[in-house]
Amino acid sequence: MAENVNAESVLGWVAEASDGPTISVLAAGDLCPIHRVAEPLAAGRIEEVFSDCLPLFADADLTLANLELPLCEGEAPIPKCGPNFQGAPRM
C-alpha cells in the first residue's frame with residue numbers, strides 16, 4: 001500500500017462537499033477468510049491480515065466489508081459452478 005494513503009486523503013472530498021456534519025464510510029469487497037488468513041482472523045489477530053489497512057479502518061466512522069462466504073458449521077455445499085467456501089462462525 002502506498003505510504004501516503006490515509007482516510008483523510010481517500011475520504012477528504014466528503015468534508016469539502018458539505019458545510020454540515022459528515023460521516024465517513026469505508027467499504028471493502030470480497031473478503032474471503034480462507035487458507036492462510038482464516039486462522040489469524042478466527043483468533044482475533046487482524047493485524048496479521050489487515051496491517052496496512054488498519055489505520056484506514058480506524059479513521060472511518062463506519063467500515064463495511066462484503067463477506068464472500070457463509071459462516072457456518074458442517075458442510076452443505078450447494079450445486080454450482082466454482083468453489084463452495086465456508087468459514088468458522090467464531091470468525
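Heads up: these notes are all about the structure in this document. Since the structure is predicted, the reported quantities are computational estimates derived from the model, not experimental observations.

Here's the deal with the overall build of the protein
Working step 1: Counting its secondary structure elements, the protein contains four helices and two strands.
Working step 2: Its helices and strands in sequence order give the protein the pattern α-β-α-α-α-β, from N to C terminus.
Working step 3: Here the protein holds 91 residues, and 18% of them are scored as buried.
Working step 4: In the structure as shown, the protein presents an accessible area of about 6,800 Å², 55% of it carried by carbon and sulfur atoms.

Re the pattern of salt bridges
Working step 1: In this structure the tally under the stated criterion is two salt bridges.
Working step 2: Salt-bridge contacts for Glu 39 lead to Arg 45; the nearest nitrogen and oxygen are separated by 2.6 Å.
Working step 3: Residue class for Glu 39 comes out partly exposed when judged on its relative accessible area of 45%.
Working step 4: Residue classification places Arg 45 among the partly exposed positions, given a relative accessible area of 27%.
Working step 5: A salt bridge links Arg 45 to Glu 48; the nearest nitrogen and oxygen atoms lie 2.4 Å apart.

Structural notes on the packing of aromatic side chains
Working step 1: With the rule as written, the count across this model stands at one aromatic pair.
Working step 2: Summarising the aromatic geometry, the rings of Phe 50 and Phe 57 are spaced 5.5 Å apart at their centres and angled 65° between planes, so their arrangement reads as edge-to-face.

Calculation criteria
- Residues numbered from 1 in each chain as written.
- Predicted model: local features only at pLDDT ≥ 70, side-chain atom pairs only at ≥ 80, totals over all residues.
- Heavy atoms only, no water.
- Helix = DSSP H or I, 4+ residues; strand = E, 2+ residues; numbered from the N terminus.
- Buried < 20%, exposed > 50% of the residue type's maximum accessible area, 1.4 Å probe, protein only.
- Areas by Shrake-Rupley, 256 points an atom, 1.4 Å probe, with all protein chains shown as cover.
- Salt bridge = Lys/Arg side-chain N within 4 Å of Asp/Glu carboxyl O.
- Phe/Tyr/Trp six-rings, centres within 6.5 Å; stacked < 30°, edge-to-face > 60°.

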